[in-house]
Every structure is written in C-alpha cells, then in structure tokens.
Amino acid sequence: LAGGRGSSLGRSGSGKKPDGVPIMSFGMHQGKTFLEVALSSPDYYQWAKSQKRMDGQLKDFVQWCDKQQNLGLLSSLGDASPTSTKTKKRARPQTAATDDDDG
C-alpha cells in the first residue's frame, strides 16, 4: 500500500511495519497500523477529517487514508455514516404468526 518509502507520512515519530504502513502512536488506536484503524473504524477517519485543527499524526492518518482511497485500495471509508441512516426498515423479521396472515 502507498505511504511507505519516500513518503513524508510518519514524520510525527510513528513507527512503521515492514510493509511501510504507519503505526498510530497515540490515542485509542495506539499500536495499530493506519490500515487496521481505517478498516476497523471508518468513523474515526470521518471524525479525524472533520477536525478544524488537524496536525501531526492525525493529519498523516487522514492523508494516508485519502491516498489509499484515490488509489482504489480503500473503498470502505466513503461517507462512513451510521448504519442506521443507510438501513431502511422494509420488512419485519419473519415470525411464526403475524397480524397480516390470511388465516
């Protein structure tokens, strides 16, 4: 994945795995790679991107994610909004008997 050699990413003192993916060095995702955070918490990316004052590794994380999306390597970040806004309730769960039965 991009963001490895020759990149300015990781300049905030974050370590990198052998594959070049930066590792978070702070906060609730400390010790996880940017990839692990992006895949497991797309809402964290959206939150980070919405920060008015973004610097250091948070900025690196957003830039890394943006680059992965531009390369088509991360599509799960899109407009990560709560699932409740994406899911429409169209049908009730199947039950043994319903009020709509003809019987």
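It should be noted that the structure appears before, not after, this text.
So, here is what we can say about the structure in this document.

What counts, and at which threshold
Residues numbered from 1 in each chain as written. Predicted model: local features only at pLDDT ≥ 70, side-chain atom pairs only at ≥ 80, totals over all residues. Heavy atoms only, no water. Phe/Tyr/Trp six-rings, centres within 6.5 Å; stacked < 30°, edge-to-face > 60°. Helix = DSSP H or I, 4+ residues; strand = E, 2+ residues; numbered from the N terminus. Buried < 20%, exposed > 50% of the residue type's maximum accessible area, 1.4 Å probe, protein only. Salt bridge = Lys/Arg side-chain N within 4 Å of Asp/Glu carboxyl O.

Here's the deal with the packing of aromatic side chains
Stage number 1. Per the stated rule, a full pass over the model turns up 4 aromatic pairs.
Stage number 2. An angle of 35 degrees between the planes, with centres 5.6 Å apart, marks the rings of Tyr44 and Trp47 as tilted. Pair noted here: Tyr44 and Trp47 are both in helix H2 (residues 42-50), with a separation of 3 residues, about one helical turn.
Stage number 3. Taking the relative accessible area as the measure of exposure, Trp47 reaches 41% and is therefore partly exposed.
Stage number 4. A centroid spacing of 5.5 Å and a plane angle of 55 degrees characterise the contact between Tyr44 and Phe61, whose relative ring orientation is tilted. Separated by 17 residues along the polypeptide, Tyr44 in helix H2 and Phe61 in helix H3 (residues 56-70) bring together distant segments of the chain.
Stage number 5. Note on Phe61: relative accessible area 0%, which makes it buried.

Considering the pattern of salt bridges
Stage number 1. What the rule picks out here adds up to 1 salt bridge.
Stage number 2. When the shortest N-O distance is used, the salt bridge between Asp66 and Lys49 registers 3.9 Å. One end of the pair, Asp66, is in helix H3; the other, Lys49, is in helix H2, with 17 residues separating them in the sequence.

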